[in-house]
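Each chain, written out:
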Amino acid sequence: MAPSVIRRSGKGDHDSAKKKAASKNSPPDEQKDFVVADLTLKEIKDAIPAHCFERSLVHSLGWVAHDLVLIAALFYAGTWIDTLGASVHWSLPYVLWPAYWIAQSVFFTGIWILAHECGHGGFSDFKSVNNVVGFILHSSLLVPFFSWKYSHAKHHKGNGHMKRDMVFIPPTRTEYTAPKGLPTKHDDDHNDGDGIMGHIPLGILYNTICMLIFGWPAYLLVNASGQPYPEWTSHYLPTAPIFEKHQYTGVVISNLGILATISALTYAGSLYGFVAVVKYYLIGYLGVNFWITMLTYLQHTDVKVPHYRDGQFNFVRGALSTVDRSFGPVLNYFFHHITDTHVVHHLFASMPFYHAVEATEAVKGVLGKYYISDDTQFFVALWRSMNNCKFVEDEGDVVWYQKH
């Protein structure tokens, strides 16, 4: 089927301006003759070796130990940075502290991802163990574990659905253009894209920086980029509409975990000073926000990714509406392959990450053209998506990100 929503050119060829607009706004090849996937979850699962679904508590705990040892070793090394500046050369801290913060943010993100495994049940076969380990790890990074776990499960069930997904919901053309006073589709078909619909690089850069720094905490605090609700919605509010009534206690416990971490940081600040807390924790924490926002944004935002409404949505089609992206062998390793195996993760969320690479290779033949991957350097891909993925059309059961 070829959804009508992707036919974007103007009607007729009355003048050269309209021809130019139609050519400029023609959809990418992925959209022109798109036919929705007609695959079953069983077909895909049958292609994966059975051992890929086996979880090992010992193996998973080994990875937690691996990441914690790295964090502890880095912390110890960090205690020598200012000493080296005083004894070797005054400039060393200006080089070593940024290196410390980058490495720490990567290692912290690894811990975040292992807690994410716990939230999905991929950490072990024991729910209580998953909950305890996930709660401790996520709370240490100021993440409300159970609150996020509840909303994230809904994200997986409704990924790619315009009304059921929980995050990175694309605005419709009307939602995007009306508040800004921008041209409608009819008006846009008659301009060359260089007017107010044109994109200012400095503005895109500003939006990108704000998203990377504040996007993750803003999502947790005020549901930024999530589904719109008539009342204020937050992952810290037990009565928020993103939660079910029986999840109230879990949200409260999540908040207590956050308060415990804040209390520990406050106490550390009273002992060692606020600057020490900033240097040894807070900047690394902000780095986690950066990485998590970038990872999740790029996994779900691309002109090649379809979004669905009720007429064409099912779980498999939604799960395939995500992108595998390599961040290079080093980051792929420390991020536990959450970036380059995200498609199979959405299909089988409880599969442990250490089998996901093998499973990804196994499903490629079955998925065929429906497997979406992109090895573009991630900063380039981020800029491209921020520039090209503005909104989707108001109507149609299958819609795609558009720029104009």
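No experiment lies behind these values; they were computed from the predicted model shown.

1. What about the packing of helix α12 (residues 248–272) against helix α13 (residues 274–300)?
Step number 1: Closest axis-to-axis distance for the α12/α13 pair is 7 Å, and the angle between their directions is 125 degrees. Overall, the two elements α12 and α13 adopt an arrangement that is oblique. Counting all contacts with α12, which are made through Thr261, Leu265, Ala268, Gly269 and Tyr272, the residues of α13 involved are Phe274, Ala276, Val277 and Tyr281.
Step number 2: Looking at the contact of α12 with α13, its residues break down into 7 nonpolar, 2 polar and no charged.

2. Let's talk about the layout of surface pockets
Step number 1: By volume, the second largest pocket amounts to about 460 Å³.
Step number 2: Lining the second largest pocket are 18 residues, and of these Phe75, Phe108, Leu265, Tyr280 and Tyr281 sit closest to its centre.
Step number 3: Elements that contribute at least two residues to the lining of the second largest pocket include exactly α4 (57–78), α6 (92–120), α7 (127–140), α12 and α13.
Step number 4: Broken down by element, the residue count for the lining of the second largest pocket peaks at 5 residues, all from α12.
Step number 5: Broken down by class, the residue content of the lining of the second largest pocket amounts to 15 nonpolar, 3 polar and no charged.

3. Section: unusual backbone geometry
Across residues other than glycine, the phi torsion is negative in most instances, and most of the peptide bonds are trans.
Step number 1: A positive phi angle is found at Phe168, which is not glycine, with a value near 55 degrees.
Step number 2: Position of Phe168 relative to the elements: it lies in the loop between α8 (145–158) and α9 (173–177).
Step number 3: Owing to a relative accessible area of 14%, Phe168 belongs among the buried residues under this scheme.
Step number 4: A positive phi angle, close to 65 degrees, is found at Asn223, a residue other than glycine.
Step number 5: Turning to its location among the elements, Asn223 is positioned in the loop between α11 (201–222) and α12.

Analysis parameters
Residues numbered from 1 in each chain as written. Predicted model: local features only at pLDDT ≥ 70, side-chain atom pairs only at ≥ 80, totals over all residues. Heavy atoms only, no water. Axes fitted to C-alpha atoms, helices over the stretch in contact; angles between N-to-C directions. Helix = DSSP H or I, 4+ residues; strand = E, 2+ residues; numbered from the N terminus. Parallel < 35°, antiparallel > 145°, perpendicular 65-115°, else oblique. Contact = heavy atoms within 4.5 Å. Nonpolar A, V, L, I, M, F, W, Y, C, P; charged D, E, K, R; others polar. 1 Å grid on protein atoms, 1.4 Å probe; cavity = no way out; pocket = protein on both sides within 12 Å on 5 of 7 lines; lining within 4 Å. Points joined across faces, edges and corners; volume = space filled by probe spheres on them. Buried < 20%, exposed > 50% of the residue type's maximum accessible area, 1.4 Å probe, protein only.

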